[in-house]
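Remarks on the overall topology
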Protein chains: 2
Amino acid sequence: MALPGQMMSMPLLISSLIQHAARHSGDTEIVSKRCEGDLHRYTWRDAELRSRRLAQALARLGCESGERVGTLAWNGHRHLEIYYGASGSALVCHTINPRLFPEQIAWIVGDAEDRVLCFDLTFLPLVEKLAPLLTTVRHFVLMSDRAHMPAASAIPNLLCYEELLAAEDGDYVWPQFDENTASSICYTSGTTGNPKGAVYSHRSSVLHAYGAALPDAMDCSAKDVILPVVPMFHVNAWGLPYSMAIVGAKVVFPGPHLDGKSLYELFENEGVTFSAGVPTVWLGLLTYVKSNNLRFSTFKRTVIGGSACPPAMLATLMDDYGVEVIHAWGMTELSPLGTLSKLNSKQLELPPEQQRRILEKQGKVIYGIDMAVIDDEGRALPWDGRSSGNLVVRGHWVIGSYFRQAASPLVTVDGQPGWFPTGDVATIDADGFMQITDRSKDVIKSGGEWISSIELENIAMAHPAVHEAAVIAALHPKWDERPLLVVVKKPGAEIGREEMLAFYEGKIAKWQIPDDVAFVAEIPHTATGKIQKLKLREQFKGYRLPGA
Amino acid sequence: MALPGQMMSMPLLISSLIQHAARHSGDTEIVSKRCEGDLHRYTWRDAELRSRRLAQALARLGCESGERVGTLAWNGHRHLEIYYGASGSALVCHTINPRLFPEQIAWIVGDAEDRVLCFDLTFLPLVEKLAPLLTTVRHFVLMSDRAHMPAASAIPNLLCYEELLAAEDGDYVWPQFDENTASSICYTSGTTGNPKGAVYSHRSSVLHAYGAALPDAMDCSAKDVILPVVPMFHVNAWGLPYSMAIVGAKVVFPGPHLDGKSLYELFENEGVTFSAGVPTVWLGLLTYVKSNNLRFSTFKRTVIGGSACPPAMLATLMDDYGVEVIHAWGMTELSPLGTLSKLNSKQLELPPEQQRRILEKQGKVIYGIDMAVIDDEGRALPWDGRSSGNLVVRGHWVIGSYFRQAASPLVTVDGQPGWFPTGDVATIDADGFMQITDRSKDVIKSGGEWISSIELENIAMAHPAVHEAAVIAALHPKWDERPLLVVVKKPGAEIGREEMLAFYEGKIAKWQIPDDVAFVAEIPHTATGKIQKLKLREQFKGYRLPGA
């Protein structure tokens, strides 16, 4: 008969994260550049007190355990208070991506049955337009003070966030409940079909926060000043709002100001040491820094994920600016962190060139997650760095099912059930480093062989005249599909088709070189900053390749 | 009604730690200097396979779920296999401190009802002597190969560890069970009364492993080569065998070879970057390094705990040898890590002198633990760095009760139940940094005022002629108690009573300076390397202070 352990028993709750920060790093600052234009400063102690007052306010509005509180907001202290005030009081925090189409936002709010919708001043026009469609919402809360409230609004009974908080005394004890209770919902960006909701639990979020803060993951510590560029409306800003509380770090929120100049000034003025975001954001920051001949004085490292980080960007940040790049991979269904690329003691003895090749991979799983690559029959493929297959994962912070969806998304690996299919195609090497070679729907199938569009894009991105590059499959009568390279040139740069294609020579096998180049003014992006391949493919539908 | 989360559900089990290491860092080395004299090398993949074979062997010996497997062993790969093989198969790993008195060992084995006892070759004579008293033990296993088995032994049916493993095929699937099941038992050193058992659970051990590996705690990562000096028979080597698996680090086990020369050579030959141990061990290593004019070429940082680290030792390691010292505090009842001292972003801007004062404190709690200082009536004291009180803790890896003890050890803080009283006296400052000022039973009560024996010891230790120092209370007719300083001089060093006492002037208030100095050849230590105050007090019972 099993012997029971005799340890204290307490649930893993999100409220315990901010209680810890308030109690043990109470004086540490949280700085927010707000959409109202000002720079707001307070401490973790203040944040926890205001989160409690928000919990009281939400209860006073009639919110009941398990009900959803939606947000349309930038990275800022009030958004943080909703993260903790809602989840901590057994409500469910539902962050909504404001960059989605308005109809998608309305659909998501309805699917989640949001009872309260909190939004930043920026989104007042959007919410005014959408309000009639948001039939589940009982209370609309503008996340600002009385001075910024509109004199009149199309939204009935529009509430003022600061007034709601001012009416409460903070005399509130965080409730204790089952750690498997839902803490928050994030919807996938839904490139095909309607978005689907991932319902995180308190347990999964706290375990993710531990894992994400580890030295081989985001390496969060109290010595850091952390600026999350990745939006809090995008998979909980990769869990940073939770990991930051675990370590009691100083935090800097950029609000809507994500242009190169604003970010650079905030980095320098607040002594930011660590940041995280998608490649697109760093493109903007680097362009600003380069064109103004600036240096970073405190910025030491950044996690880059969301899309594969082009090796050229990695090299610029590391070699020219001394910023360590931690390449990461994850997805909404993984809370989101799956893998990060950090060298181990053996690899630290390799020549720099070989180290760089490793850092360009998406890296190793955090303890708490497991992964495999499988073929189309669900058989595990070898970890040899070459065998490319469908990437599947499982672990404490991976979804088991989608909100309101009866069908299980899970698959089997070698007959063992319970693996989540990511839709990515990847290799894993003998050291456990994973590399995404493609999205399963982006891969180019040429004469029965697979060509990785990411590899082709990365090479193009290394050309000094290329600002952005995307590769899609164009139909070909003989080979079924052949790669077409779509390029946005850098301002003022000149490059032609022949020179571009010649750039591939010697870098990959001849048969993998794109058949043609299309120069365009802009490449379409999704709401989360990823290249919108679907749209690009539509744009180039029927494209006639030379010789085809 | 609460909304359930929709994440995958899997228990936090110790077997998942080594499965993770074997799967994702399978080729990473584990090096063991063994008591047989050789240096053994294998990998995390080998360790996991052999742990599975051990699990099979233990089942074949008739061990049933929940039964205890005792160990008397040094830090080495076989001990690691028992950690995982026993706990992973729902048995309970019971590590026994071989430095305890033989009668205490026999008592502990009986209290734990160990069914199997595994022991290193070193302890064969001890076990032969004790065997008749160990009536609960059905199988004695010598942790070695056939070549090292004694031709004849007083132990009936003595089994050979390597033969047990050789008989199994490793075709074993780690069982899944309730994460609150007991994983291991450690007994307190029992300075007063019989030792008491702390019964850790799989959940508490895994959460401790996450917390202990965090950047502000032990900062374990795959880039480290970790040598745990702290014994695996002493509170699970501070949890390192688990945290090392989380990060997949290269590991070096020193076996019984803990002298300065052996440790130094192992550090250099294997490229050790990180270690952890009690102050006594570092005394030995530093003496060897100093007297041979050596430097460390890879050793970068060490956690020092178990007893307060004397500031002089901290200064030597950091200033003379460039080894970062992370001062830590914990205890058996805490799995054991409670606090560690690392600077935050604000403190990194302070002058070096002030930073050093902070690093000399025991530091901040890891997320997962909370602490408070209380007065004798259970009222919480302010966090001002001055108010000294009884240190109490609670958290995921704190015991709720002792093995086989009906009485709850827990106390209330401001009327709130569920806090574990540590027996330490401490202050906490506004930044959450805790400093132990004494054991509650070691504090000196002079005329109603408390004097910290640790503070007096630390000052004495900073004198170049002092090898080790201890302060105890001597009875005094007027002041009740007054401090008596007991000193072991460095070999060849000369210092007298007057010079020693004069060394205190200007460093503390006059009334706190010890009344007398006793020079001795040796100070008694407990089995875990702590100064044995109880024995010292007995030794100096009836000591007549000058003027008393």
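Here's what I pulled together on the structure shown here.

Conventions and cut-offs
- Residues numbered from 1 in each chain as written.
- Chains lettered and ligands numbered in written order.
- Predicted model: local features only at pLDDT ≥ 70, side-chain atom pairs only at ≥ 80, totals over all residues.
- Heavy atoms only, no water.
- Disulfide = S-S within 2.5 Å.
- Buried < 20%, exposed > 50% of the residue type's maximum accessible area, 1.4 Å probe, protein only.
- Phe/Tyr/Trp six-rings, centres within 6.5 Å; stacked < 30°, edge-to-face > 60°.
- Lys NZ or Arg CZ within 6 Å of the ring centre and 35° of its normal.
- Contact = heavy atoms within 4.5 Å.
- Buried area = accessible area lost by both parts, 1.4 Å probe.
- Salt bridge = Lys/Arg side-chain N within 4 Å of Asp/Glu carboxyl O.
- Polar contact = N/O pair within 3.5 Å; in protein donor to acceptor, adjacent residues only side chain to side chain.
- Helix = DSSP H or I, 4+ residues; strand = E, 2+ residues; numbered from the N terminus.
- Nonpolar A, V, L, I, M, F, W, Y, C, P; charged D, E, K, R; others polar.
- Pairing = 2+ DSSP bridges.
- Axes fitted to C-alpha atoms, helices over the stretch in contact; angles between N-to-C directions.
- Parallel < 35°, antiparallel > 145°, perpendicular 65-115°, else oblique.
- Arc of directions from axis to C-beta.
- Least-squares fit on C-alpha atoms with pLDDT ≥ 70 in both.

**A few points about the state of the cysteines**
Residues and elements named next belong to chain B. Counted according to the given criterion, the structure contains zero disulfides over all chains. Residue Cys35 stays outside any disulfide, its sulfur separated by 13 Å from that of Cys160, the closest cysteine. Under the relative-accessibility criterion, Cys35 is labelled partly exposed at 23%. A relative accessible area of 3% places Cys160 in the buried class.

**With respect to the packing of aromatic side chains**
In this structure the tally under the stated criterion is 29 aromatic pairs over all chains. Clustering of aromatic rings is evident, with ring pairs tying together Tyr264(A), Phe267(A), Trp282(A), Tyr288(A), Phe296(A), Phe299(A) and Tyr321(A). For Lys489(A), the ring lying beneath its charged end belongs to Phe519(A), and the centroid distance is 4.8 Å. Cation over ring: Lys196(B) sits above Tyr402(B), and NZ or CZ is 4.7 Å from the ring centre.

**Quick word on the interface of chain A and chain B**
Contacts between chain A and chain B engage 85 residues on the former and 85 residues on the latter. Roughly 6,200 Å² of surface becomes buried between chain A and chain B when both sides are summed, with 57% attributable to carbon and sulfur atoms. Run the count over chain A and chain B and you get four salt bridges. Between Glu179(A) and Arg203(B) there is a salt bridge; the shortest N-O distance is 2.8 Å. Counting every contact that joins chain A to chain B gives 37 residue pairs in polar contact (both at pLDDT 80 or more). It is helix H7 (residues 202-213) of chain A that contributes the most residues to the side of chain A that touches chain B, seven residues altogether. Taken together, the residues of the side of chain A that touches chain B break down into 46 nonpolar, 24 polar and 15 charged.

**A look at the sheet that holds strand E14 (residues 324-330) of chain A**
Residue and element names in this part refer to chain A. Strand order across the open sheet formed by nine strands is E2-E1-E11-E10-E12-E13-E14-E15-E16, with mixed pairing between neighbours. Bordering the open sheet on either side are strand E2 (39-43) and strand E16 (364-365), each of which pairs with just one other strand. Where strand E13 (residues 301-304) and E14 come together, four bridges link them in parallel fashion. Note on E14: the bridge partner recorded for Ile304 is His327. The strands touched by helix H3 (residues 77-88) within the sheet are strand E1 (29-33), E2 and strand E11 (250-253), with E2 carrying the most contacts at an inclination of about 40°.

**Overview of the packing of helix H3 (residues 77-88) of chain B against helix H9 (residues 240-247) of chain B**
All names here are of chain B. Running from N to C, H3 and H9 point in directions that differ by 85°, and their axes come no closer than 11 Å. In terms of orientation, H3 and H9 fall into the roughly perpendicular class. Between H3, through Leu80, Tyr83 and Tyr84, and H9, the contact on the second element is made entirely by Pro241, Tyr242 and Ala245. Classifying every residue of the contact of H3 with H9 by side-chain character gives six nonpolar, no polar and no charged.

**A word on helix H13 (residues 352-359) of chain B**
All names here are of chain B. Residues Gln355, Arg356, Ile358 and Leu359 constitute the buried set of H13. One face of H13 carries all of its buried residues, which in axial projection span an arc of 160°. Those residues of H13 that are buried lie in contact with helix H12 (311-321) and strand E14 (324-330).

**Examining the relation of the copies chain A and chain B**
Superposing chain A onto chain B takes a rotation of 180° combined with a translation of 0.0 Å along the rotation axis, leaving an RMSD of 0.1 Å. This pairing of chains is accounted for by a two-fold axis. Across chain A, the smallest distance between a C-alpha and the rotation axis is recorded for Leu214(A), namely 2.5 Å. Here 100% of the interface residues in chain A have copies in chain B that are interface residues too; the copies meet face to matching face.

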